[in-house]
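Listed below, chain by chain, are the residues.
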Amino acid sequence: MLIQSGMDWNITFSVLDPDPSAPCQSLCEFRVGKLTDYDTVMEFGKTCDLVTIEIENVNVEALKELRRQGKKVFPQPEIIELVQDKRTQKNFYKENDIPTADFLLVENRSEVISQKSFLPAVNKLGREGYDGRGVQLLRTEKDLEKAFEASGILEKLIDFETEISVIVARNENGDTESFPPVEMIFHPEANLVEYLFSPATIDALVAKEADRIAKKIISDLNMVGLLAVEMFVTKDQKVLVNEIAPRPHNSGHQTIEANITSQYQQHLRAILNLPLGDTSIIHQSAMVNLLGEEGYSGQAKYNGLEQVLNLKGVYVHLYGKKLTKPFRKMGHVTIVDDDVISLKKKTNFVKQTLRITA
């Protein structure tokens, strides 16, 4: 989607990906390689004028060396490094007076068990948790056996009213622009975003506070690029930061059709130090993630596609992944409608109708 956005500006892309059948291979100069391997990243980066990321699990030492050799790297390697470990993320919030849930740093399962009085809590792996992996809910002592035998955090379970996300961009000049908050609904089993609504149905003061926090984080980081800030809104209307992601994000896909500037064009504007775009909402919207159906693995089949395409204001994005497996992200659908009742009705229809099997 970033490449598709950049085509409008004659930007040429090179992509390094470990998957030989990555969907972008026909749209760019494509190289297969391990993102965490120093030499691979160095060799690839030397051919680029500017290096950016779409996932945080990359070799930051190589990115630092590329920058020393005169390459532009955005977001900056130190920010990627900070985000790679949830422990350093949480300490950053604490040190910079950014509201977040109470937490403890833990090294292993026995340390989690020794903190049973801290329950109910969430045990998160420090590193390499992604799309719901590396997270365990520990509500009672019976759940303690599910704790990770690895370093991470133990975070107070928040009794929240809703989860929201604010995507904010910053260029080298220090200009910042944010998108209005969106409301996220998570899949109960896969622990990843199932669908979202934009704008979020929250109080105006809550939205203002969420916007303030997102802008504070990207400014405190001195970051160049696009930053997604996921937050909880508590029952007493406080805003707490959950996690951040320094890249285009799942909670911004709907901006392609529903906002004046998409998150992908905004990311390009930020890293190229161009004027940031207008983030205003054109239409109320919803975004449904297309996940592989449970119980199916193999060649992907898209059931119900014609029925969904028959609806007005529906935009289907398939990611070109040939193989499906349970809960794998295979695409998304954006629905736009200025009537909220109609919007929710169409969203439910898409969720129930377009299913990916094998």
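Preceding this section is the structure that the text describes.
Residues numbered from 1 in each chain as written. Predicted model: local features only at pLDDT ≥ 70, side-chain atom pairs only at ≥ 80, totals over all residues. Heavy atoms only, no water.

Visitor: Give a detailed account of the nonpolar core, specifying residues and quantitative values.
Guide: One finds Ile217, Leu221, Leu227, Val229, Met231, Val241 and Ile244 to be the most contacted residues of the largest nonpolar core, which totals 25 residues. For this core, the elements supplying multiple residues, two or more each, are α4 (77-84), α5 (86-95), β9 (160-170), α7 (204-221), β13 (225-234) and β14 (239-245). At 7 residues, the largest contribution of residues to this core is made by α7. Filtering out sequence-adjacent residues up to four positions away, Ile217 remains in contact with Phe92, Ile98, Leu227, Val229, Val241 and Ile244. (Core = buried A, V, L, I, M, F, W, Y, C linked by side-chain atoms within 4.5 Å. Buried < 20%, exposed > 50% of the residue type's maximum accessible area, 1.4 Å probe, protein only. Helix = DSSP H or I, 4+ residues; strand = E, 2+ residues; numbered from the N terminus. Contact = heavy atoms within 4.5 Å.)

Visitor: For the layout of surface pockets, give the residues involved together with the corresponding values.
Guide: Empty space among the atoms becomes apparent when a probe as large as a water molecule is rolled across them. Size it by volume and the second largest pocket reaches roughly 300 Å³. Around the second largest pocket sit 15 residues that line it, and Glu194, Leu291, Glu293, Lys351 and Arg355 are the ones nearest its centre. Every element with two or more residues in the lining of the second largest pocket is listed here: β15 (285-291), α11 (340-353) and β21 (355-357). Here the lining of the second largest pocket takes 4 residues from β15, the largest share from any one element. Along the lines of polarity and charge, the residues of the lining of the second largest pocket split into 7 nonpolar, 3 polar and 5 charged. (1 Å grid on protein atoms, 1.4 Å probe; cavity = no way out; pocket = protein on both sides within 12 Å on 5 of 7 lines; lining within 4 Å. Points joined across faces, edges and corners; volume = space filled by probe spheres on them. Nonpolar A, V, L, I, M, F, W, Y, C, P; charged D, E, K, R; others polar.)

Visitor: Can you tell me about α11, naming the residues and giving the values?
Guide: Every α-helix winds through 3.6 residues per turn, so residues three or four apart in the chain are directed the same way. Its 14 residues give α11 an end-to-end C-alpha distance of 20 Å, which sits within 8% of 20 Å, the value for a rise of 1.5 Å per residue. Among the residues of α11, Leu343, Lys346, Thr347, Val350 and Thr353 are the ones counted as buried. Buried residues in α11, looked at end-on, bunch into an arc of 145°, giving them a common side. Opposite the buried face of α11, by more than 90 degrees, sit the exposed residues Ile341, Lys345 and Gln352. (Expected span 1.5 Å × (residues − 1). Arc of directions from axis to C-beta.)

Visitor: How would you sum up the pairing of β15? Please name residues and give values.
Guide: For β15, a buried count of 7 out of 7 residues is recorded, marking the element as mostly surrounded by other parts of the structure. Residue alternation in β15 divides its side chains into two sets, Ser285, Met287, Asn289 and Leu291 and Ala286, Val288 and Leu290, and both sets are buried. When strand β12 (residues 193-198) meets β15, the two strands line up antiparallel, connected through 4 bridges. In the strand pairing of β15, Phe197 is matched with Ala286. As defined by bridge partners, β15 adjoins strand β20 (residues 329-336) across 7 bridges and the pair is classed as antiparallel. Opposite Leu291, over in β20, you have Lys329 as the bridge partner. (Pairing = 2+ DSSP bridges.)

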